[in-house]
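# A look at the structure
For reference, the chains in residue letters:
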Amino acid sequence: MIICMKQGAPRTQADHVIKAVEDAGLEPAPLFGTERTVIAVLGDERELDMKKFKAMEGVENVMPVLRPYQLVSRESHQGDTIVDFGNGVKIGGKEDIAIMAGPCSVETEELIMDVAEHVKQKGAQFLRGGAFKPRTGPYSFQGHGEEALKWMKKAGEKTGLKVVTEVLDTQHVDMMYDYIDMYQVGARNMQNFELLKALGRKDKPVLLKRGMSAKFNEFLLAAEYIAKEGNSKIVLCERGIRTFCGYSRNTIDINVIPWVKKMSHLPIILDPSHGTGSYEMVQPIAMAGVAAGADGIMMEVHPRPEQAWSDGDQSIKYDTLDTVLDGIHKIAEVVRK
Ligand code: PEP
Ligand code: MN
């Protein structure tokens, strides 16, 4: 941490700050200039409340030098984390692009079986689908809950697909455990800290979607909550953020993919369905994600999107899935040697 004193701040104010740094167990290294004093602070500053220093008399600015997240940071772990689901299914590092596909909502047992068989046959490794749906309005379909989890488990067992589905509530964490292979934390819950902590105490992988207005540090700090409790099986997911663009549901922050790779060892996948809100944009954006280094793609697939109970406009049909996967694999061949 670097503390800049205000221009002309008296020496006594700098001395107070130096003492406060010492009291916090860190080592101050002051530089007394003719106009301004700068105090470098040596030691791990992350548990300090910087706002307290900023509130001290004579202090103009306080700048952190360490990243606020530790466990998920590339500094703490040089290699790439590879999340292993068993049976040869892995996400991260140089592993094959993971494909997660399925309907937005698990509408009926027949639907989820049908989608599972189709997406498995086309090469997906994961079946997605919402059993608990976080809908904007309370009158929209909220999901079949545990009943849908039973159907998903059955579909997973029949096809060999791994099941990933959203957990909305800490009270559901234990109940869901035996039905699924991966917990999904949705964008709306990225900063539900009690939920993150509860998932951190489990040994199952977590797919952490980026909040729709989350800054980069907030995204990685949400992952840090899970890691801090002991669960390092975390896969990040960019699903678009809110901007002023006006024409698409969200704006995919493609930059975040290489930035995550630089700053963290965790894998990151892309969700072009929620990111664009349009089935027509899924293929080009999925390809762009792979080109940028994404470790996987999550897509909404429905046999009859016009009849889907949610997100039909961004769901692709089975035959489009062929085209999308073809595009993804062509790009992967070029960028993932
Ligand atoms: C979903 O994947 O079903 C979903 C609701 O996505 P998000 O949390 O990204 O909106
Ligand atoms: Mn959806």
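Here we summarise the structure given alongside this text. Keep in mind it's a predicted model, so treat the numbers as computed, not measured.

### Structural notes on the pattern of salt bridges
Applying the stated rule across the entire model yields 21 salt bridges. We note a salt bridge from Lys-158 to Glu-117, for which the minimum N-O separation is 2.8 Å. One end of the pair, Lys-158, is in helix H4 (residues 146-159); the other, Glu-117, is in helix H3 (residues 109-121), with 41 residues separating them in the sequence. Here Lys-158 falls in the exposed class, since its relative accessible area comes to 58%. Across the pair Asp-322 and Lys-122 runs a salt bridge whose closest N-O atoms are separated by 3.1 Å. Taken together, the positions of Asp-322 in helix H11 (residues 318-335) and Lys-122 in the loop between H3 and strand S8 (126-128) put the pair 200 residues apart, joining distant regions of the chain. Here Asp-322 falls in the partly exposed class, since its relative accessible area comes to 38%.

### Quick notes on the site of ligand 1
Taken together, the neighbourhood of ligand 1 is formed by Arg-128, Lys-133, Pro-134, Glu-166, Gln-184, Gly-186, Ala-187, Arg-188, Lys-209, Arg-239 and His-274. One of the backbone N or O atoms of Ala-187 is found 2.8 Å from an oxygen atom in ligand 1. Arg-239 is positioned with one of its side-chain polar atoms (N or O) 2.6 Å from an oxygen atom of ligand 1. Protein chains shield 96% of the accessible area of ligand 1, which is 300 Å² for the free molecule. When grouped by side-chain class, the residues that make up the shell around ligand 1 number 2 nonpolar, 3 polar and 6 charged.

### Quick look at the coordination of the manganese ion (ligand 2)
The protein atoms that coordinate the manganese ion (ligand 2) are Cys-104 (SG), His-274 (NE2), Glu-300 (OE) and Asp-311 (OD), at distances of 2.0 to 2.4 Å. Sequence spacing among the residues donating to the manganese ion (ligand 2) works out to C-x169-H-x25-E-x10-D. On the criterion of sequence distance, the pair formed by Cys-104 in the loop between strand S7 (98-102) and H3 and Glu-300 in strand S14 (residues 296-300) is long-range, its members being 196 residues apart. In this structure, Cys-104 and Glu-300 share a single accessibility class: buried.

### So, the sheet that holds strand S2 (residues 27-32)
Pairing is antiparallel across the open sheet formed by 4 strands, whose spatial order is S2-S3-S1-S4. Bordering the open sheet on either side are S2 and strand S4 (59-63), each of which pairs with just one other strand. Mean inter-strand twist for the sheet, computed between neighbouring axes without regard to direction, equals 20°. Two elements, S2 and strand S3 (residues 37-42), share 6 bridges in a ladder whose sense is antiparallel. Of the residues in S3, the one forming a bridge with Glu-27 is Leu-42. Each of strand S1 (2-5), S2, S3 and S4 is contacted by helix H1 (residues 11-23), which is oriented at about 160° to S2, the strand it contacts most.

Rules behind the numbers
Counting restarts for each chain: residues are numbered from 1 in the order of the written sequence. For naming, the first written chain is A and the first written ligand is 1, with later ones following in the order written. Under the rules for a predicted model, residues below a pLDDT of 70 receive no local features and side-chain atom pairs below 80 are neither given nor counted, while totals for whole chains, interfaces and linings still include all residues. Processing note: side-chain calculations cover all non-hydrogen atoms of the structure and skip hydrogens and water entirely. Any carboxyl oxygen of Asp or Glu that lies within 4 Å of a side-chain nitrogen of Lys or Arg is treated as forming a salt bridge with it. Segments assigned H or I by DSSP are reported as helices when at least four residues long, segments assigned E as strands when at least two residues long, and all are numbered from the N terminus. Exposed residues in this analysis have more than 50% of their type's maximum accessible area, buried residues have under 20%, and partly exposed residues fall in between, with area computed by a 1.4 Å probe over protein chains only. Residues are counted as near a molecule or strand when any one of their heavy atoms sits within 4 Å of it. Counted as a polar contact is a pair of N or O atoms within 3.5 Å, where, for protein atoms, one must be capable of donating a hydrogen and the other of accepting one, and residues adjacent in sequence contribute only when both atoms are in side chains. Per-residue accessibility takes into account occlusion by the displayed protein chains alone, with areas from the Shrake-Rupley method and a 1.4 Å probe. Residues are grouped as follows: Ala, Val, Leu, Ile, Met, Phe, Trp, Tyr, Cys and Pro are nonpolar; Asp, Glu, Lys and Arg are charged; all remaining types, including Gly, are polar. For Na, K and Ca the donor cutoff is 3.2 Å, while for all other metals N, O and S atoms count as donors only within 2.8 Å; water does not appear among the atoms, so some sites may look incomplete. A pair of strands is considered paired only if DSSP assigns at least 2 bridges between the two. As a rule, the C-alpha atoms of each element are fitted with a line to give its axis, helices using only the stretch in contact, and angles between N-to-C directions run from 0 to 180 degrees. In this analysis, two residues are considered to be in contact whenever any of their non-hydrogen atoms come within 4.5 Å of each other.

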